[in-house]
Each structure stands twice: as C-alpha cells, then as structure tokens.
Amino acid sequence: MSKNYFEILRPGINSTFQDLGRFNQHHIGIPMSGAMDKRNYMIGNKLVGNNNNISAIEFAYQGPLLKLQSTKVIAAVTGNVNFKILRANSKIEEGECYETFELNDGDQIDIISTNKSVYGYFFINGGFEIESFWKSFSINTTAQIGPNDGTKFRLNQKLFIYNKEIKFQKKKIEYLNSKIEFIRVLKGTNFNYFSEEGTNNLFSKEFTVSKLTDRMGMRIEGPKIENIVETNIKSEGLIKGVIQVPGDGNPIIMLSDYGTVGGYPKIAVVISADHDRLTQLTPGSKIKFKLVELNEAENLYKLYEIETKNILNQIR
Amino acid sequence: MLKNISNLGDSALYCDFGNEINKETNSYVIRYFKNLQKLNLKGITNLTPSYNKLIISYDLSIINFQDIKKKIKDLKLKEKETKEAKIIKIPICLDEEFSLDLNRLSKKLKIEKDNIIQSFLNKEYFCYMTGFIAGMPFLGDTRENIRLNRLETPRVKVPKGSIGITEQFCNIYTYESPGGWNIIGNTPVKIFDKSNQENPALINPGDRVIFYRISKQEYQKYNE
C-alpha cells in the first residue's frame with residue numbers, strides 16, 4: 001500500500017467505485033454494473049488525464065467528505081454537483097464542475113449535493129489503489145462484488161491512491177447536462193401481453209419516478225398497465241433499460257445492477273442513447289415515453305457517440 | 001433448435017429456442033452459449049443463457065443488430081462435447097430451523113413431510129441456468145408430486161444457503177436475498193466463491209446435481 005490516501009470523514013449516501021462495468025459474466029449471475037452516467041464518467045477521466053480503465057468515485061444525492069493525506073493530486077468533479085474545497089489553511093473555495101483543480105496534503109473536498117440530478121463523479125489523476133474483480137473496479141453492493149468488499153464507503157475508511165505527481169495544468173470545458181423531454185423506447189419482447197389501453201397509456205400518459213429507485217432499478221408510477229396474457233414468464237435474461245411489468249401493473253426499469261434473469265413480461269426497452277439521462281432522473285420527476293424503431297435507435301446512438309467524442313475532443 | 005432471432009432493445013439479440021422447457025431445448029441453448037463463448041466474437045459484451053432463450057448483448061459502437069444476427073444465423077456449431085456431465089453432490093440439512101416452508105408444502109400438497117423429503121432427495125437434477133443473483137443455480141426437474149407455486153408474498157430475506165422449490169424447479173440462494181421459493185432446507189456448501197475468479201460458481205449450466213441429507217451436527221461441523 002502506498003502512503004497516499006483519502007480519509008473518509010463522511011461517506012455520503014451511496015458512494016462507490018465505478019468504471020465502465022463488468023463484461024461477460026451474465027452466465028454466472030453477475031450484471032454489468034458500472035457508472036450510471038457513462039458520459040460524465042468519460043469526461044472526468046479525460047479531464048484528469050486518465051484512460052477509461054481507471055475508476056472514479058460515484059456518489060448519489062449527497063457525496064462524501066474526503067481529506068487528502070498525500071502530496072499534490074489533480075482532481076475533477078463531473079455532473080451537476082455543489083462542492084467545496086476546504087484548504088488545509090482553512091480557506092474555503094467554491095468548487096466548479098468540469099475543470100481540474102489541485103488538492104494538497106490536508107485539503108478536504110466536501111461534496112455537498114447533486115443538483116436536480118442523482119449521480120456525480122469524483123476523479124483523481126492516476127486513480128485509486130484497488131483490486132479489480134472480473135476485470136472491473138465497479139462495486140455492486142447488492143451482490144457484494146468488487147473492491148471494498150463490494151460495499152459502499154464507510155466512515156473513517158482510507159481510500160489509497162496512486163499518486164503520479166504530474167505537473168498541474170488547468171483543463172476545463174463548458175458542459176451542460178441536457179434535460180430530456182421523452183425517454184425513447186423500443187417495443188419489448190412481450191409487448192403483446194398488454195392490453196391496447198395499457199400500451200396506449202405507456203405512450204400517452206405521464207409517469208412519476210418513485211422513491212423505490214436505486215442502482216438496481218427504477219420503479220415508476222402512473223396509470224396501471226394491464227396484462228391480458230400472463231403476468232409471469234419463464235425467467236430469462238435481462239439488460240439495462242428493460243421495462244418489466246409485474247402483476248401489479250407498475251413498471252420497473254432495469255438499471256446497472258439488475259438481476260441477470262427475471263420472470264416478468266417485458267413491455268419495452270429504453271434505447272441506449274437515453275440511458276445516461278434516464279439514470280439522472282430524481283424521485284418525483286415526471287417522464288413520458290416515446291416509441292421508436294430499431295434503426296432510429298441505432299442512429300440516435302451514433303449521434304450520442306459523436307456528441308460524446310466532440311465533448312472529449314475539447315479537452316486537450 | 002434456434003427458432004427465431006429478434007432484438008431486445010437496441011443492443012441485444014433475443015434468441016428463442018421454443019416455448020417448451022426441457023433438457024433438449026436447454027441443451028441447445030447451452031451449446032450455442034458455449035460455442036459463442038469460445039469464439040469470443042468482437043463486440044459481444046455478455047451471453048445470458050436461460051431455460052429456452054439466449055440473450056446476446058453487444059456494444060452498439062462496434063456492431064449492430066443486422067451484422068450480429070447474420071453471424072449467429074451462419075454460426076456452425078461444433079460437435080457436442082463428449083465430456084460426461086459433471087455430477088455435483090450437495091449436502092442439505094432439513095432440520096426444522098432450515099425447512100421454512102415444509103409445513104406449507106405438506107399442507108398444500110397434502111403429502112406427509114417425510115414423503116416430500118424422500119421425493120426431493122431421491123432424484124438427479126439438471127442445471128438449466130445460473131443467474132438472478134451471482135451463482136444461483138436453477139435446477140430441474142422436481143418430481144411431479146412436490147410441485148407448488150411460489151409464495152404469494154415473497155420473503156424480504158431468504159437466508160444464504162437456502163434450498164427452495166417452485167413448480168418443476170429447485171434453486172439454491174447463494175446470498176441472502178429477497179425471494180418467494182418454498183424453502184425446504186439449507187446447505188453449508190459455498191455455492192459461489194468470489195475469491196475464485198476463474199471458477200466462482202460451483203454449479204454451471206449443464207451440470208448434474210444430487211442432494212444428500214446431513215444432520216444438524218454435520219451441518220455445523222461442515223465448515224470447521
């Protein structure tokens with residue numbers, strides 16, 4: 001272990017290490033996990049000079065309060081986040097997202113809250129000294145898999161870091177997290193299990209994100225969606241974005257820590273281009289769904305990728 | 001056989017092997033799964049075999065539906081593996097403390113508890129799939145006389161190691177988890193070992209499983 005670390009003075013609500021996720025382990029029951037908002041993950045790593053294999057700290061609503069015990073590190077925060085930097089000499093600075101800053105020995109970063117969004121990210125150059133599980137640093141707290149024994153951060157823990165001591169150079173981009181009017185979906189494999197009224201409701205009525213929402217899934221409330229065939233199917237594979245409707249008629253959208261198989265009918269699947277913005281919806285948010293075709297979804301993803309590349313290319 | 005290929009969202013292929021659930025259908029699913037696993041095609045991010053379906057997830061920035069569908073359609077399966085299926089023996093303690101739903105089963109099925117236990121033990125099971133939670137094996141088929149639906153209200157916490165039955169299937173809870181299966185006993189064996197990243201799951205699709213009864217004393221001493 002290096003002597004360089006952050007001490008956790010407040011863990012935050014759900015602070016974990018995340019990267020781009022865990023691949024090719026569905027067959028033993030391990031989901032992808034990984035950063036809920038991939039674009040913000042990639043932007044932050046680029047800012048501090050990391051590649052995407054280096055994990056970040058992901059936090060939800062309230063982030064951690066961390067004290068650095070190390071020589072200088074280069075750090076950044078992405079998302080829509082309020083944070084402060086408490087310098088060792090007692091000076092307090094307002095934090096700015098999407099720009100790099102230096103932290104020195106004894107400095108603290110106080111990640112107060114995410115603003116009208118759920119997830120934010122904290123990055124440091126060189127990353128954290130943690131072990132990978134199935135080639136990923138992502139923590140899945142439900143299955144207790146990943147570094148930190150697969151658990152979220154706790155008070156007084158030490159997060160050891162690799163400190164590369166590179167020369168500080170200010171990097172900054174202008175970036176606004178865009179709002180989304182519609183969540184676009186494709187028909188699910190059991191679309192025909194639902195009444196016409198039920199599917200019409202899905203595409204015409206407003207739904208509300210429920211409090212029962214976490215990294216595993218998002219429950220939404222609205223008009224009940226009536227099943228006219230069978231409320232259980234034989235368990236089969238799930239992926240992020242699948243909308244299952246159990247017998248009670250209230251849809252559940254699978255998010256990054258989903259169970260790998262499930263037995264409720266799938267009415268629709270959220271397109272990949274909308275995953276980042278979907279995961280940032282706070283409980284109480286209103287959402288509307290819009291049906292698109294497969295080729296449209298593929299084109300929208302290409303667009304999403306080009307946009308992401310253009311943002312990343314601004315960082316030099 | 002592979003009957004139909006459609007899409008599950010914009011980044012997964014939904015391969016349907018038919019509606020029936022039996023070893024023959026499932027063995028095709030597993031053959032496709034194992035062949036694809038060996039091929040390691042570029043862009044595939046996950047393979048999810050289940051009773052009668054195989055879901056192939058892919059990275060939309062590398063490959064799209066039409067391309068990957070063609071690859072799967074043109075896939076030439078290698079000959080069946082001649083290797084004998086692995087038989088795994090799992091100890092189970094059926095003490096009252098662990099057999100949480102044996103009374104319910106006995107009442108609903110109108111069969112003596114001992115007969116349920118005998119019907120359950122005296123059988124070789126087949127692993128159809130692993131999933132839901134890490135390493136959880138879905139085994140089948142149970143004898144017809146002990147088949148029952150899941151609980152109307154699922155338990156919030158099913159203890160780790162619990163062995164549950166529902167319909168023609170049986171599973172083992174590798175972690176404490178919510179669940180609605182009828183719990184008949186508990187095993188002290190570690191079914192999923194995350195410290196063994198090469199082979200974390202003790203029971204894999206296609207394996208065969210036999211349960212044998214142990215006493216509570218043997219259960220307690222098992223991990224000493």
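Please read these numbers as outputs of a predicted model, since none were measured by experiment. The numbering scheme is per chain: residues are counted from 1 as the chain's sequence reads. Think of it this way: whatever chain is written first is A, whatever ligand is written first is 1, and the rest follow in order. The predicted origin of the model limits local features to residues at a pLDDT of at least 70 and limits the giving and counting of side-chain atom pairs to 80 or more, whereas totals for whole chains, interfaces and linings rest on all residues. Note that the side-chain values use all heavy atoms of the structure and ignore hydrogens as well as water.

Visitor: Would you mind showing me how to read the overall build of chain A here?
Guide: A run of H or I in DSSP counts as a helix once it spans at least four residues, and a run of E counts as a strand once it spans at least two, with each numbered from the N terminus. For chain A, the count of helices and strands is four helices and 21 strands. Its C-alpha radius of gyration of 20 Å places chain A within 12% of the 20 Å reference for a compact globule of 316 residues. Its C-alpha atoms put chain A at 65 × 35 × 30 Å along the principal axes. Burial classification: accessible surface area is computed with a 1.4 Å probe over protein chains only, and a residue below 20% of its type maximum counts as buried, one above 50% as exposed, and the rest as partly exposed. Buried positions account for 60% of the 316 residues belonging to chain A. Whether two residues touch is decided by their heavy atoms; if any such pair falls within 4.5 Å, the residues are in contact. Partitioning the contacts of chain A with sequence separation of at least 6, the portion at a separation of at least 24 is 77%. Only carbon and sulfur atoms are counted for the fraction: they give 48% of the accessible area of chain A, which is about 13300 Å². Note that the radius of gyration is over C-alpha atoms, with the globule rule given as 2.2 Å times the number of residues to the power 0.38. For the area figures, the Shrake-Rupley method with a 1.4 Å probe applies, and any residue is considered shielded solely by the protein chains shown.

Visitor: Just to check I follow, could you spell out the packing of helix α3 (residues 102-109) of chain B against helix α4 (residues 113-121) of chain B for this structure?
Guide: In a packed pair of helices, the relevant descriptors are the angle between the two axes and the axis-to-axis distance. Residue and element names in this part refer to chain B. Note on method: axes are straight lines fitted to C-alpha atoms, helices fitted across the in-contact stretch only, with angles between N-to-C directions ranging 0 to 180 degrees. At a closest axis distance of 9 Å, the pairing of α3 and α4 adopts a crossing angle of 100°. As the angle between them shows, α3 and α4 are arranged roughly perpendicular. Every residue of α4 that contacts α3 at Leu 102, Asn 103, Leu 105, Ser 106 and Leu 109 is listed here: Lys 113, Ile 116 and Ile 117. Its residues assigned to classes, the contact of α3 with α4 shows five nonpolar, two polar and one charged. To sort the angles, those under 35 degrees are grouped as roughly parallel, those over 145 as roughly antiparallel, those from 65 to 115 as roughly perpendicular, and the leftovers as oblique. Lys, Arg, Asp and Glu make up the charged group, whereas Ala, Val, Leu, Ile, Met, Phe, Trp, Tyr, Cys and Pro make up the nonpolar group; the residues left over, Gly among them, are polar.

Visitor: Can you walk me through unusual backbone geometry in this structure?
Guide: Excluding glycine, most residues fall at negative phi; most peptide bonds, likewise, are trans. For the bond running from Gly 140 of chain B to Asp 141 of chain B, omega is -10°, close enough to zero to count as cis. Residue position: Asp 141 of chain B is located in the loop between β7 (137-140) and β8 (155-158). Positive phi values are uncommon outside glycine, yet Lys 135 of chain A reaches one of about 60°. As for its placement among the helices and strands, Lys 135 of chain A is situated in the loop between β10 (119-124) and β11 (158-160). Phi is positive for Asn 156 of chain A, close to 70°, though the residue is something other than glycine. Position of Asn 156 of chain A relative to the elements: it lies in the loop between β10 and β11.

Visitor: For this particular structure, what's the right way to read the domain arrangement of chain B?
Guide: Frequently, the measure chosen for interface size is the accessible area removed from exposure when the parts meet. All names here are of chain B. Start and end points for every domain follow an automatic or database-based domain assignment. The assigned domain composition of chain B is domain 1 (4-74) and domain 2 (87-221). One C-alpha centre belongs to domain 1, the other to domain 2; they are set 28 Å apart. With nine residues of domain 1 at the contact, the number on the domain 2 side is nine residues. Taking both partners together, domain 1 and domain 2 bury about 880 Å²; carbon and sulfur atoms supply 68% of that area. Summed over both partners, the accessible area lost on bringing two parts together, with a 1.4 Å probe, is the buried area.

Visitor: Whenever I open this one, the sheet that holds strand β2 (residues 12-16) of chain B confuses me. Can you help?
Guide: Strand pairing in a sheet relies on backbone hydrogen bonds. The paired strands run either parallel or antiparallel. All names here are of chain B. Reading across from one edge, β1-β2-β4-β3 is the order of the four strands in this open sheet, with antiparallel pairing throughout. This sheet does not close on itself; its edge strands, each paired only once, are β1 (4-7) and β3 (44-49). Neighbouring strand axes in the sheet, compared pairwise and without regard to direction, differ in orientation by 20° on average. In this structure, β1 lies alongside β2, joined through four bridges in antiparallel fashion. Any two strands with at least two DSSP bridges between them are considered paired.

Visitor: Hey, could you run me through helix α4 (residues 294-313) of chain A in this one?
Guide: Quick reminder: α-helices carry 3.6 residues per turn. Residues three or four places apart thus point the same way. Working rule for helices: expected span equals 1.5 Å times residues minus one. Here α4 of chain A is 20 residues long and its end C-alpha atoms lie 29 Å apart, about the 28 Å a rise of 1.5 Å per residue gives. Along α4 of chain A, the residues that are buried comprise Leu 294, Ala 297, Glu 298, Leu 300, Tyr 301, Tyr 304, Thr 308, Ile 311 and Leu 312 of chain A. The buried residues of α4 of chain A occupy an angular sector of 160° when the element is viewed end-on, so they sit on one face. Every exposed residue of α4 of chain A that faces more than 90 degrees away from the buried side is listed here: Asn 295 and Lys 309 of chain A. Against the buried residues of α4 of chain A lie α1 (38-47), β12 (183-187) and α3 (275-279) of chain A together with β1 and α2 (65-73) of chain B. The arc under discussion is defined with respect to the helix axis, by the directions toward the C-beta atoms.

Visitor: Hey, could you run me through the interface of chain B and chain A in this one?
Guide: Each side of the interface is counted separately: chain B has 42 residues, and chain A has 37 residues. For the pair chain B and chain A, the summed buried surface comes to about 3400 Å²; carbon and sulfur atoms form 59% of the total. For this document, the term salt bridge refers to a Lys or Arg side-chain nitrogen within 4 Å of an Asp or Glu carboxyl oxygen. Linking chain B with chain A are one salt bridge, by the criterion used here. Taking the shortest distance from any N to any O, the salt bridge between Glu 167 of chain B and Lys 234 of chain A comes out at 3.5 Å. Any N or O atom pair separated by 3.5 Å or less is treated as a polar contact, with the protein-specific requirement of one donor-capable and one acceptor-capable atom, and with residues adjacent in sequence counted only for side-chain atom pairs. If you look at where chain B meets chain A, you find 17 residue pairs in polar contact (both at pLDDT 80 or more).

Visitor: Could you clarify how one ought to interpret the side chain of Thr 208 of chain A in this entry?
Guide: All names here are of chain A. Mapped onto the secondary structure, Thr 208 falls in strand β13 (residues 207-213). Within the structure, the side chain of Thr 208 is placed 3.2 Å from the side chain of Lys 286, a separation counted as a polar contact. Leave out the neighbours within four places in its chain, and Thr 208 touches Arg 219, Ile 220, Glu 221, Gly 284, Ser 285 and Lys 286.

Visitor: Quick question: what am I supposed to make of the sheet that holds strand β7 (residues 92-94) of chain A here?
Guide: All names here are of chain A. Spatially, β7-β6-β9-β4-β1-β11 is the arrangement adopted by the six strands of the open sheet, whose pairing is antiparallel. Bordering the open sheet on either side are β7 and β11, each of which pairs with just one other strand. Each strand axis lies, on average, 25° off the axis of its neighbour in the sheet, ignoring direction. Relative to strand β9 (residues 108-114), strand β4 (residues 65-69) runs antiparallel, the two sharing three bridges. Residue pairing in the sheet places Leu 66 in a bridge with Ile 109 of β9.

Visitor: Would you mind showing me how to read the packing of aromatic side chains here?
Guide: To describe a pair of aromatic rings, one takes the distance between the centres and the angle between the planes. Only rings of Phe, Tyr and Trp enter the pairing, Trp through its six-membered ring, and a pair is recorded when the two centres are within 6.5 Å. The plane angle decides the type: under 30 degrees is stacked, over 60 is edge-to-face, the rest tilted. Across all of its chains, the model carries 25 aromatic pairs over all chains by this definition. Both rings, one in Phe 6 of chain A and one in Phe 122 of chain A, keep their centres 5.7 Å apart while their planes meet at 80°; by these two values the pair is edge-to-face. On the criterion of sequence distance, the pair formed by Phe 6 of chain A in strand β1 (residues 5-10) and Phe 122 of chain A in strand β10 is long-range, its members being 116 residues apart. Look at Phe 122 of chain A and you get buried, because its relative accessible area is 0%. The rings of Tyr 51, Phe 126, Tyr 128, Phe 138, Phe 169 and Trp 181 of chain B are connected pair by pair, giving a single aromatic cluster. Whether a charge sits over a ring depends on NZ of Lys or CZ of Arg being within 6 Å of the ring centre and within 35 degrees of the ring normal. A cation sits over an aromatic face here: Lys 290 of chain A above Phe 182 of chain A, 6.0 Å from the ring centre.

Visitor: Explain the pairing of strand β9 (residues 162-166) of chain B to me, please; I cannot follow it from the model alone.
Guide: Looking along a regular strand, one sees the side chains alternate between the two faces of the sheet. All names here are of chain B. In terms of burial, β9 is a largely internal element, five of the five residues being buried. A two-sided burial pattern is seen for β9, the buried positions comprising Ser 162, Gly 164 and Thr 166 on one face and Ile 163 and Ile 165 on the other. The turn joining β9 and strand β10 (residues 169-172), which pair antiparallel and follow one another in sequence, is formed by two residues; a positive phi near 45° is taken by Glu 167.

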